[in-house]
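The primary structure of each chain is shown beneath.
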Amino acid sequence: SLAYYVADRPALMAAITRLHVLLAGDAATQRRVTSMATVVETLLTAWQQAIDLRAQHRMEMAIEATRTPRVQQMVASIHALVDELDASEARTLVTQLRAANTRATNAQVSLLVATSVDVALLVALVLCVRRTISVHKQFVRAESAARTAAEEAVALRDEFLSLASHELRTPIAV
């Protein structure tokens, strides 16, 4: 029934107004929506006339009013405008998808570079720690060798003093 569409005229026109607000940045699409709003308003007026004719029990005239070339042309215009809006939206989505893919790729490259730098820093840190451990081991070995040499020197001194003390205490027998 056409009455449903005509009764929802305020809601339909409010939806078109919301569409204008949503498309504030796209002048070409706004022109299409404005054109569609005009055609829809005219079509709803023609349908209201058909409803009025039907209420007056003039069914044949009401049916003719909905099937005139003018009404058919308005319906075709609405379909064409909706198709244009769909195509425009598809192009916009493709553009946004490409931009999002580019941003994602750039983020992945940045992440890869950052990860590579982190790995390089870890390798450098491991090499520094390894070198520090190696130097520490060399120092410990040198310290151990020096301690062993000092202990041997102390033992030799003690042996010498012991012998010298013994010789000094015992007279030389000739």
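All values derive from a computational prediction rather than experimental measurement.

Chemist: Sorry if this is basic, but what is going on with the packing of helix H3 (residues 27–55) against helix H4 (residues 59–66) here?
Modeler: In a packed pair of helices, the relevant descriptors are the angle between the two axes and the axis-to-axis distance. For the pair H3 and H4, interaxial distance at closest approach is 8 Å and the crossing angle is 170°. For the element pair H3 / H4, the angle class is roughly antiparallel. Here Trp47, Ala50, Leu53 and Arg54 of H3 lie close against H4, whose contacting residues are Met59, Met61, Ala62, Ala65 and Thr66. Split by residue class, the contact of H3 with H4 holds seven nonpolar, one polar and one charged.

Chemist: Would you explain the layout of surface pockets in this entry?
Modeler: Summary: where empty space remains is shown by rolling a probe the size of a single water molecule over the atoms. Taken as a whole, the largest pocket spans an internal volume of roughly 240 Å³. Every residue lining the largest pocket is listed: Leu19, Leu22, Leu23, Asp26, Thr29, Leu85, Asp86, Ser88, Glu89, Thr92, Leu93 and Gln96. Among the elements of the structure, helix H2 (9–22) and helix H5 (69–169) are those that each provide at least two residues to the lining of the largest pocket. Looking at the lining of the largest pocket element by element, the count peaks at seven residues for H5.

Chemist: Is there a simple way to explain unusual backbone geometry in this structure?
Modeler: Trans peptide bonds make up the majority, and among non-glycine residues the majority have a negative phi. Located in the positive-phi region is His57, a residue other than glycine, with phi close to 60°. Looking at the element boundaries, His57 is found in the loop between H3 and H4.

Chemist: Just to check I follow, could you spell out H5 for this structure?
Modeler: Count 3.6 residues to each turn of an α-helix, and residues three or four apart come out pointing the same way. Relative to the 150 Å expected for 101 residues at 1.5 Å per residue, H5 spans 146 Å between its end C-alpha atoms, a close match to the ideal helical length. Among the residues of H5, Val71, Met74, Ile78, Leu81, Leu85 and Ser88 are the ones counted as buried. On its buried face, H5 is in contact with H3 and H4.

Chemist: Looking at this structure, I do not really get the nonpolar core. What am I missing?
Modeler: By size, the foremost hydrophobic cluster in this structure holds 16 residues, and its most contacted members are Leu43, Val71 and Met74. Broken down by secondary-structure element, the contributors of at least two residues to this core are H3 and H5. Apart from the residues lying within four places of it in its own chain, the contact partners of Val71 are Leu43, Ala46, Trp47, Ala65 and Thr66.

Chemist: Just to check I follow, could you spell out the pattern of salt bridges for this structure?
Modeler: Working definition: two side chains of opposite charge can pair if their charged atoms are close together. Following the criterion strictly, the structure yields three salt bridges and no others. A salt bridge links Glu143 to Arg147; its shortest N-O distance comes to 3.6 Å. Of the two residues, Glu143 and Arg147 are both situated in helix H5; the distance of four residues between them amounts to about one turn of the helix. Note on Arg147: relative accessible area 49%, which makes it partly exposed.

Chemist: Looking at this structure, I do not really get a nonpolar patch on the surface. What am I missing?
Modeler: On the surface, a nonpolar cluster with roughly 360 Å² of combined accessible area is contributed by Val109, Val113, Val117 and Leu121. Tracing the sequence through the fold places Val117 in helix H5. For Val117, a relative accessible area of 46% puts it in the partly exposed group.

Chemist: Is there a simple way to explain the side chain of Ser88 in this structure?
Modeler: Mapped onto the secondary structure, Ser88 falls in helix H5. The contacts of Ser88, once residues within four sequence positions are left out, are Asp26, Thr29 and Arg32.

Chemist: Honestly, the environment of Arg141 in this entry has me stumped. Any pointers?
Modeler: Mapped onto the elements, Arg141 comes out in helix H5. With 133 residues separating them in the primary sequence, Arg141 and Asp8 have C-alpha atoms 95 Å apart.

Chemist: Quick question: what am I supposed to make of the environment of Gln49 here?
Modeler: Mapped onto the secondary structure, Gln49 falls in helix H3. Residues Gln49 and Ala155 lie 106 residues apart in sequence; the distance between their C-alpha atoms is 128 Å.

Chemist: Is there a simple way to explain the packing of H3 against H5 in this structure?
Modeler: Where H3 contacts H5, the two axes come as close as 9 Å, and the packing angle between them is 155°. In terms of their interaxial angle, H3 and H5 are classed as roughly antiparallel. Handedness of the crossing formed by H3 with H5: left-handed. Seen from H3, the contacting residues are Thr29, Arg32, Val33, Ser35, Met36, Val39, Val40, Thr42, Leu43, Ala46 and Trp47; seen from H5, they are Arg70, Val71, Met74, Val75, Ser77, Ile78, Leu81, Val82, Glu84, Leu85, Ser88 and Arg91. When its residues are assigned to classes, the contact of H3 with H5 shows 14 nonpolar, five polar and four charged.

The rules we used
- Residues numbered from 1 in each chain as written.
- Predicted model: local features only at pLDDT ≥ 70, side-chain atom pairs only at ≥ 80, totals over all residues.
- Heavy atoms only, no water.
- Axes fitted to C-alpha atoms, helices over the stretch in contact; angles between N-to-C directions.
- Helix = DSSP H or I, 4+ residues; strand = E, 2+ residues; numbered from the N terminus.
- Parallel < 35°, antiparallel > 145°, perpendicular 65-115°, else oblique.
- Contact = heavy atoms within 4.5 Å.
- Nonpolar A, V, L, I, M, F, W, Y, C, P; charged D, E, K, R; others polar.
- 1 Å grid on protein atoms, 1.4 Å probe; cavity = no way out; pocket = protein on both sides within 12 Å on 5 of 7 lines; lining within 4 Å.
- Points joined across faces, edges and corners; volume = space filled by probe spheres on them.
- Expected span 1.5 Å × (residues − 1).
- Buried < 20%, exposed > 50% of the residue type's maximum accessible area, 1.4 Å probe, protein only.
- Core = buried A, V, L, I, M, F, W, Y, C linked by side-chain atoms within 4.5 Å.
- Salt bridge = Lys/Arg side-chain N within 4 Å of Asp/Glu carboxyl O.
- Patch = residues over 30% accessible without salt bridge, like charges linked within 9 Å, V, L, I, M, F, W, Y side chains within 5 Å.
- Areas by Shrake-Rupley, 256 points an atom, 1.4 Å probe, with all protein chains shown as cover.
- Left-handed = near helix turned anticlockwise from the far one by under 90°.

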